[in-house]
Structure formats: C-alpha cells, structure tokens
Amino acid sequence: MKWIKTIIIGVLATFSMDLVMNSVMYMFEFAPTNLHPSAALLYNLNIDQPFLASFLHYCYGTLWAIVFVYANDEKYTLRKAILLAGVLWVFMMLVYSPVIGWGFLGIGNAVLLDTNHPLYISTIPGYIALTFVLHIIYGLVLGLLTSRYLKKQSVVPTLTAKVS
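Residues numbered from 1 in each chain as written. Predicted model: local features only at pLDDT ≥ 70, side-chain atom pairs only at ≥ 80, totals over all residues. Heavy atoms only, no water.

Q: Got a sec to walk through the packing of aromatic side chains? Specific residues and values, please.
A: Under the definition given, this model contains six aromatic pairs. When the ring of Phe68 is compared with that of Tyr76, the centres are 6.1 Å apart and the planes differ by 40°; the resulting orientation is tilted. A ring pair is formed by Trp102 and Tyr127, whose centres lie 5.4 Å apart and whose planes are at 75°; its orientation type is edge-to-face. Remark: Tyr127 occurs in helix α5 (residues 124-149) and Trp102 occurs in the loop between α4 (78-100) and α5; sequence separation between them is 25 residues. What makes Tyr127 buried here is its relative accessible area of 2%. (Phe/Tyr/Trp six-rings, centres within 6.5 Å; stacked < 30°, edge-to-face > 60°. Helix = DSSP H or I, 4+ residues; strand = E, 2+ residues; numbered from the N terminus. Buried < 20%, exposed > 50% of the residue type's maximum accessible area, 1.4 Å probe, protein only.)

Q: Account for unusual backbone geometry, naming residues and giving values.
A: The backbone of Glu29 sits at a positive phi, close to 50°, despite the residue not being glycine. Phi is positive for Leu105, which is not a glycine, with a value near 55°. Of note, Leu105 is situated in the loop between α4 and α5. Given the relative accessible area of 29%, Leu105 is considered partly exposed.

These figures come from the coordinates and say nothing about function on their own.
Here it is as structure tokens:
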C-alpha cells in the first residue's frame, strides 16, 4: 500500500507544478520557454511526442517521490522535501538545462534564437525564477502529503480479559 500511496503522491506533487505553471502562463501570459523541459529534451532527440514528454515528466517526479520516501525511513518533513526540491532545481540548472541546449541556469544561446524556435528562452531571470518556484511547490506538496498520509500506523494491541 505504501508504494501505491507514494506513486500517487509523486503524481500529485508533479501535477501541482504543472497546474501552477499552466496557471501562470494563462493568467499572466508569461512563459519563459516555448517548450516544457521534457519536451525540449525530446525535441533534441527528434522525438515530437507531447504525451511522451508529459509521461516522462510525471515519471521523473514520481521517481523522486519514491526516492524521498524510501530514503527518509518514515521521518518525512516539509523541510526535507523542500531541500530535495531545491537539489532537483540545482540539477536542472546545472545539468539538465545544458543538456537541452539552454545552458547553465538558462544562460546560453537560446535567448538568441528566433522567438518561434522551440528551444527559445524569452527571459533568463524568468526561467530561473519560475523553475525555482515550481520546484519549491513540488517540495511543499511532496512534504505535506508524505507527512500526512505515510506516517507509520502504530498498532497498539488490546488486552481483553476472558470472563468465565
């Protein structure tokens, strides 16, 4: 049952990132990139499959939820989850973004591309800030849900006396 709950929590934490990202893009008409990072990675591999990009994103978020749950041995805290999210953001900025072609912290030639190019970044500070906030939201949801729904259930045996 713990596996199933962990998978659901990972999906919900990842969904929370997507919900906030899509809300910001819709309400403020602001998107620092033309493609979601997962879609950008697939674009570089010449794979144009939006469903696969979303699937990979949710698998990645769920994988890290599983790592978080099993690495913390039922000592889940909001602080630990936010710390994990911060580490994942640093990984994104220093490893994943350069692999995509966006450069360290999004500082690369992507801002020089045509505004219609899939890998175009409109604003480096916006990219850094939005991805950071989204990762913190992931950590908040992960921490809140794990600490609430995966706490160890203590079973207290009841003593019953037989009356004859």
